[in-house]
Amino acid sequence: MSKKLELPEENIELQLNVLEKIELNSALTTEDKTLVSGKPDSLKNGELADSQGKIWAIVSLSAALLAVSLAAIFIRLSEREISPNATVFNRLWIATVVFGVWNGAGAARRRMSGAEVEGRSSYTLQDVMLLTAVGVVSSASVGFWAWSLSQTNVANSTVLRNLTPLFTTLGGWLLLGRRFDNRFLVGLAVALSGAIAIGMDDLQTAGDTLVGDIAALLSAMFYAGNLLISEHLRTKFPATTILMWRCFIGSILVLPLVLLAGDRVFPYSWQGWLTVIALAVICQAFGQGLLIHSLGRLSSEFVAFFLLLEPVITAIMAWVLFSESLSLFNWFAFSVVLAGIYLGKSSGSVAKQ
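Residues numbered from 1 in each chain as written. Predicted model: local features only at pLDDT ≥ 70, side-chain atom pairs only at ≥ 80, totals over all residues. Heavy atoms only, no water.

Points about the overall build of the chain
The condition is simple: In DSSP terms, a helix is any run of H or I states spanning at least four residues, a strand is any run of E spanning at least two, and both are numbered starting from the N terminus. Contacts were defined at the residue level, with two residues in contact if any of their heavy atoms lie within 4.5 Å.
Within the chain one finds 15 helices and zero strands. For the chain, long-range pairs separated by at least 24 residues make up 89% of all intrachain contacts whose partners lie at least 6 apart in sequence.

Considerations on a nonpolar patch on the surface
We apply this condition: Residues enter patches when their relative accessible area tops 30% and they take part in no salt bridge; the joining distance is 9 Å for like charges and 5 Å for the nonpolar side chains Val, Leu, Ile, Met, Phe, Trp and Tyr. Calculation of accessible area relied on Shrake-Rupley with a 1.4 Å probe; when residues are assessed, cover is drawn exclusively from the protein chains displayed. Take a side-chain nitrogen of Lys or Arg and a carboxyl oxygen of Asp or Glu: if they are within 4 Å of each other, that pair is a salt bridge.
Together, L170, W173, L174, L175 and L176 line one region of the surface with nonpolar side chains, adding up to about 550 Å² of accessible area. Mapped onto the elements, L174 comes out in helix α7 (residues 164-176).

A few points about the packing of aromatic side chains
Convention followed: Aromatic contacts are taken between Phe, Tyr and Trp rings whose centres are within 6.5 Å, Trp giving its six-membered ring; a plane angle under 30 degrees counts as stacked, one over 60 as edge-to-face, and the others as tilted. Here's how the labels work: a residue is buried when its accessible area is under 20% of the maximum for its type, exposed when over 50%, partly exposed in between, all with a 1.4 Å probe on protein chains only.
Throughout the structure, instances matching the rule amount to five aromatic pairs. Between F89 and F266, the ring centres sit 6.4 Å apart and the planes meet at 50°, which makes this aromatic pair tilted. One end of the pair, F89, is in helix α4 (residues 84-113); the other, F266, is in the loop between α11 (239-261) and α12 (270-294), and 177 residues separate them in sequence. When its relative accessible area of 9% is taken as the criterion, F89 is described as buried. Of the residues examined, F266 reaches a relative accessible area of 38% and is grouped as partly exposed. Each residue in the set F89, W93, F266 and W273 is aromatic and connected to the rest through ring pairs, giving one cluster.

Some points on the pattern of salt bridges
Opposite charge on two side chains allows them to pair when their charged atoms are near. The tally for this structure, following the rule as stated, stands at one salt bridge. Across the salt bridge formed by K236 and D127, the nearest N and O atoms sit 2.4 Å from each other. Separated by 109 residues along the polypeptide, K236 in the loop between α10 (210-233) and α11 and D127 in helix α5 (residues 125-151) bring together distant segments of the chain. The exposure class assigned to K236 is partly exposed, which follows from its relative accessible area of 23%. Taking relative accessible area as the criterion, D127 reaches 8% and is therefore assigned buried.

A short note on the packing of α7 against α10
Quick reminder of the rule: To obtain each axis, a line is fitted to C-alpha atoms, and for helices this fit is confined to the stretch in contact; angles are then taken between N-to-C directions over 0 to 180 degrees. Each angle gets one of four labels, with under 35 degrees taken as roughly parallel, over 145 as roughly antiparallel, 65 to 115 as roughly perpendicular, and the rest as oblique. What makes a crossing left-handed is the near helix being turned counterclockwise from the far one by less than a right angle; a clockwise turn instead makes it right-handed. Each residue is assigned to one class: nonpolar for Ala, Val, Leu, Ile, Met, Phe, Trp, Tyr, Cys and Pro, charged for Asp, Glu, Lys and Arg, and polar for all the others, Gly among them.
In contact at an axis separation of 8 Å, α7 and α10 are set at 55° when each is read in the N-to-C sense. Judged on the interaxial angle alone, α10 and α7 are oblique. The chirality of how α7 crosses α10 is right-handed. Every residue of α10 that contacts α7 at T164, F167, T168, G171, G172 and L176 is listed here: L217, A220, M221, Y223, A224, L227 and L228. A breakdown of the residues in the contact of α7 with α10 according to their chemical character gives nine nonpolar, four polar and no charged.

Remarks on the packing of helix α3 (residues 71-78) against α12
Angle between the axes and distance between the axes are the two parameters that describe a pair of packed helices. Packing of α3 against α12 brings their axes to within 9 Å, and their N-to-C directions diverge by 160°. Judged by the angle between their axes, α3 and α12 are roughly antiparallel. Every pair of crossing elements has a handedness; the one defined by α3 and α12 is left-handed. The residues of α12 that touch α3, namely those facing A71, F74, I75, L77 and S78, are T275, V276, A278, L279, I282 and C283. In the contact of α3 with α12, the residues fall into nine nonpolar, two polar and no charged.

Looking at the environment of L295
Following the sequence through the fold, L295 ends up in the loop between α12 and α13 (300-306). According to the relative accessible area criterion, L295 is buried, its value standing at 0%.

Section: the nonpolar core
Counted only if it meets this: Side-chain atoms within 4.5 Å are what join buried Ala, Val, Leu, Ile, Met, Phe, Trp, Tyr and Cys residues into a set we call a nonpolar core.
Membership of the largest hydrophobic core comes to 58 residues, with the highest contact counts inside it found for L233, V303 and F305. Excluding anything up to four places from it in sequence, F305 contacts P165, F184, G187, L188, A191, G340, I341 and G344. Core analysis: the second largest hydrophobic core is formed by five residues, A71, F74, L279 and C283 among them.

Some details on α11
Counted only if it meets this: Here, expected helix span is obtained from the residue count minus one, scaled by 1.5 Å.
The end-to-end C-alpha distance of α11, which contains 23 residues, comes to 33 Å, matching closely the 33 Å that a straight helix rising 1.5 Å per residue would cover. Residues A239, T240, T241, I242, L243, R246, C247, I249, G250, S251, V254 and V258 constitute the buried set of α11. Where α11 terminates, the next one or two residues include G262, which has phi positive at roughly 70°.

Quick look at the environment of P311
Mapped onto the elements, P311 comes out in helix α14 (residues 310-321). The class for P311 is buried, based on a relative accessible area of 17%. Once the C-alpha coordinates of P311 and V159 are considered, the two residues, 152 residues apart in sequence, prove to be 9.8 Å apart.

Some remarks on the side chain of Q284
Following the sequence through the fold, Q284 ends up in helix α12. Judged by its relative accessible area of 5%, Q284 is buried. Among residues more than four places away in sequence, those in contact with Q284 are R91, L92, A95, F99, R246, C247, L279 and G289.

A word on the confidence of the model for the chain
Our working rule: The pLDDT value tells you how sure the predictor is about a given residue, anywhere from 0 up to 100.
Averaged over all residues, the pLDDT of the chain is 75; the fraction at 70 or higher stands at 73%. In the model of the chain, helix α1 (residues 2-37) stands out as the element of lowest mean pLDDT, 49, in contrast to α11, which has the highest, 90. Low pLDDT, under 50, characterises residues 1-7; the predicted model gives this stretch zero contacts beyond four residues in sequence or across chains. Confidence over residues 27-37 falls short of pLDDT 50; this stretch has zero contacts with residues more than four positions distant or in other chains.

Encoded structure:
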């Protein structure tokens, strides 16, 4: 009887051992599959969030590009009443007020909600120097561009101004030690070729325009510096703070030029005021605000690269609104710019490194 009772016990122990081995093998197999399949869920979620953030940054940059492209239209309307320098001055001081009200309302809202003031609101000496520098280089870029238009033709100035992404990429490589993959560099070369081709028809009319060409080239270099400094500042400050400083310093630098030239400072009609307000709110506050905001996710090199679409959109708007003619060659150049930007967008150098 005892032997009969011992047999089932041995079978039970044997079955338990087999079950333990099966569970151990199953656990090991599951772990191996996890290792082979890739990264943990937390990393996958992080990559997904980063990818979505980059997509929204490109959407913001596209909206900024559309708003900035309207600047040429508003400037043309504004210059019916006031000079180019006065137009820039009104654009900057109105935008300074807009950003100041926005930042003040945000600070008041945080105080009312009892939220702690973020550490990034404190200024160091280096921060003040960089914020001042971004205002100076931005104003220098605008000033050299305006000067180049008086010394050379529009085609030369536009072509040389469109070299901004080349200087931005060069600055990122020399000063910041950045590296760019072949797809990005090929896309940059293709897009630059299309941008140069946009004004190619008019290049043959240029005469002795060396001074104006140099001014346009300096404008592109200063604008590249503006993007690189703004990208660095975005690690600590919001876009509105950077632009408030930039517009405030720019308005201080431009006002003496308006007064020395004896130009009318402000518009004299409500249509003129409406134009400069739209220029400040839509192009400077909204457009430039989204542009600087996108630098939190995208590299300054790609932002400058993407801005090659600005003359394309401006030309199409002028074609629609002012019936300016566009040749078949212009449309071909536009498509080349789009193809180059598509190549650059699909590279790994789009996101901030």
